[in-house]
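# Working through the structure, step by step
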Amino acid sequence: MIIIMLGAQGTGKGTVAGIISEQTNWPQISTGDIFRKNISEKTELGIEANKYMSKGNLVPDEITIPMVADRLSQEDAKQGAILDGFPRNIKQAQKLDEILKDMGKQVDLVVNLSTPREEIIDRMLTRVVCSNPDCKTTYNTKLHPPKVEGVCDKCGAPLKQREDDSNSEAINRRLEIYENQTAPLVEYYKEKGVLRTETVSVSINRMGKDVAQDIIQLVKKGE
Ligand code: ADP
Ligand code: ZN
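Summary of the structure given here. (Residues numbered from 1 in each chain as written. Chains lettered and ligands numbered in written order. Predicted model: local features only at pLDDT ≥ 70, side-chain atom pairs only at ≥ 80, totals over all residues. Heavy atoms only, no water.)

### Examining the sheet that holds strand 6 (residues 138-140)
Taken in spatial order, the three strands of this open sheet run 6-5-7, and their pairing is antiparallel. Looking at strand neighbours, the two that pair on one side only are strand 6 and strand 7 (159-160), the edges of this open sheet. (Pairing = 2+ DSSP bridges. Helix = DSSP H or I, 4+ residues; strand = E, 2+ residues; numbered from the N terminus.)

The following block contains the structure:
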């Protein structure tokens, strides 16, 4: 089953995707995480991607799409995968349909997480991530802080703020791209009709865990 997580920055896509991944054993494929891992390892891909990411722009489709196609073709994604941060524009969505078709698959479930706009910027500013690239757990210093300030609960590595979360120009640019290029995907998937688009609202009162449980129920229904 191929699940897509849609939603603006800081809505908890990654957190929800991680919980679904743990419960289904399907990999969470986060394009942002793959780019950040490459940046920390200073690979050619990372150096190239960072030129765009540091400014809050999308990494070009020519780089992103083949990277996702390759990841989806790996053995561990045979049964299913949770895409987190991809697709992010119509072109990527169309290409994804083609890639999956060639594999005899399709997008089965699209989950759209929505958060009140005024909460989004605050969420980006209070987000911290584990600096261990194999862990990369995300915390929010207000909504779900780590047990010890600045230290990852899971692996003990230091937590840090993402470069693109600490720069107001990059924040604004990402929100603008989200509105213009990514938000239209909700309509794209709705029109396809072949799948269920669930709009789950995430707010301070309703955290990632509850949302993930709702989605797992949907996944079970779809199997
Ligand atoms: P956020 O949702 O907070 O923007 P992500 O980790 O999903 O965080 O993405 C961080 C950055 O990585 C994006 O701003 C963009 O530069 C790049 N990126 C991630 N996914 C894609 C994608 N599908 N296409 C192009 N660029 C991407
Ligand atoms: Zn960690």
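### Looking at the nonpolar core
Of all hydrophobic cores here, the largest spans 21 residues; its most connected members are Ile4, Leu6, Leu72, Leu83, Leu96, Val107 and Tyr189. Taken together, the elements giving at least two residues each to this core come down to strand 1 (2-7), helix 4 (61-72), strand 3 (81-84), helix 5 (90-102), strand 4 (107-114) and helix 8 (184-192). Excluding its chain neighbours within four sequence positions, the residues that come into contact with Leu96 are Ile4, Leu72, Leu83, Phe86, Pro87, Val107 and Tyr189. Formed by 18 residues, the second largest nonpolar core is a distinct cluster that contains Met1, Val16, Ile82 and Ile216. (Core = buried A, V, L, I, M, F, W, Y, C linked by side-chain atoms within 4.5 Å. Buried < 20%, exposed > 50% of the residue type's maximum accessible area, 1.4 Å probe, protein only. Contact = heavy atoms within 4.5 Å.)

### A few points about helix 6 (residues 117-125)
All of the buried residues along helix 6 are Glu119, Ile120, Arg123 and Met124. Each buried residue of helix 6 lies within a common arc of 135° when the element is viewed along its axis, so the set occupies one face. Where helix 6 is buried, its residues meet strand 5 (127-130), strand 6 and helix 7 (168-182). (Arc of directions from axis to C-beta.)

### Quick notes on the environment of Lys37
One can find Lys37 in helix 2 (residues 31-40). On the basis of relative accessible area, Lys37 is assigned to the partly exposed category, the value being 33%. For Lys37 and Asn132, which are 95 residues apart along the polypeptide, the C-alpha to C-alpha distance reads 9.4 Å. With near-sequence residues (within four places) excluded, Lys37 lies in contact with Pro133 and Asp134.

### Describing the pattern of salt bridges
Enumeration over the complete set of coordinates arrives at 15 salt bridges. Its salt-bridge partner being Arg127, residue Asp165 comes within 2.7 Å of it at the nearest N-O pair. A residue pair is termed long-range when its members are at least 10 positions apart, and Asp165 in the loop between strand 7 and helix 7 and Arg127 in strand 5 qualify at 38 residues. Neither residue differs from the other here; Asp165 and Arg127 are each classed as buried. The residue Arg174 makes a salt bridge to Asp164 at a minimum N-O spacing of 3.7 Å. Here Asp164 lies in the loop between strand 7 and helix 7 and Arg174 lies in helix 7, a separation of ten residues in the sequence. One salt-bridge network, in which partners are shared between bridges, spans Arg127, Arg162, Asp164, Asp165 and Arg174. (Salt bridge = Lys/Arg side-chain N within 4 Å of Asp/Glu carboxyl O.)

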